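Examination of the molecular architecture
In case you want the letters, here they are:
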Amino acid sequence: MLQVRSGDFNNDTRPDLAVVCPNAGQVRLFLNGAGNGSWTDVVVGNVDGPVALGLADLDGDGDLDIFSVQVRHPNTQKKCPSLESAAILLNAVHFYFS
């Protein structure tokens, strides 16, 4: 399942898209061009089986950061999935993630 979130990652006031690609094991950004329908595709992280995506300023520097998680599907005893792993991708300077 593909998950998409919108946010301004390069501080140009135009909304960009963050996308989790589980089969490729990637988190990607689609940076909004000049508002003319053009997009730049950037891989910002290779992570192990991401399924969910969140956005927040995690390090308090004013830039939007990304976190993704991988969950383990519940077995018959558990009703909710449990966290398998998490990745935090910090936006160091306008979409240069580390």
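Residues numbered from 1 in each chain as written. Predicted model: local features only at pLDDT ≥ 70, side-chain atom pairs only at ≥ 80, totals over all residues. Heavy atoms only, no water.

So, on to the confidence of the model for the chain. With 77% of its residues at a pLDDT of 70 or more, the chain has an overall mean of 80. Looking at the elements of the chain, mean pLDDT is at its lowest for strand β7 (residues 82-89), recorded as 69, and at its highest for strand β1 (residues 3-7), recorded as 92. (pLDDT = per-residue confidence, 0-100. Helix = DSSP H or I, 4+ residues; strand = E, 2+ residues; numbered from the N terminus.)

Turning our eyes to something else, we now look at a nonpolar patch on the surface. Taken together, Leu58, Phe67 and Ile88 make up a surface patch of nonpolar side chains, about 260 Å² in accessible area. Take Leu58: it is sitting in the loop between β5 (52-56) and β6 (65-72). (Patch = residues over 30% accessible without salt bridge, like charges linked within 9 Å, V, L, I, M, F, W, Y side chains within 5 Å. Areas by Shrake-Rupley, 256 points an atom, 1.4 Å probe, with all protein chains shown as cover. Salt bridge = Lys/Arg side-chain N within 4 Å of Asp/Glu carboxyl O.)

On to the environment of Phe9. On the secondary structure map, Phe9 appears in the loop between β1 and β2 (16-21). Judged by its relative accessible area of 0%, Phe9 falls in the buried class. (Buried < 20%, exposed > 50% of the residue type's maximum accessible area, 1.4 Å probe, protein only.)

What follows deals with the nonpolar core. Ranked by internal contacts, the top residues of the largest apolar core, which has 13 residues, are Phe9, Ala18, Val27, Leu29, Val44, Leu53 and Ile66. If one sorts the elements of this core by residue count, strand β3 (residues 26-32) sits on top with 3 residues. The contact partners of Ala18, leaving out residues within four places of it in the chain, are Gln3, Val4, Arg5, Phe9, Arg28, Leu29, Leu53, Leu55 and Ile66. (Core = buried A, V, L, I, M, F, W, Y, C linked by side-chain atoms within 4.5 Å. Contact = heavy atoms within 4.5 Å.)

Turning our attention to the pattern of salt bridges. What the rule picks out here adds up to 2 salt bridges. Here Asp12 makes a salt bridge to Arg14, at a shortest N to O gap of 3.2 Å.

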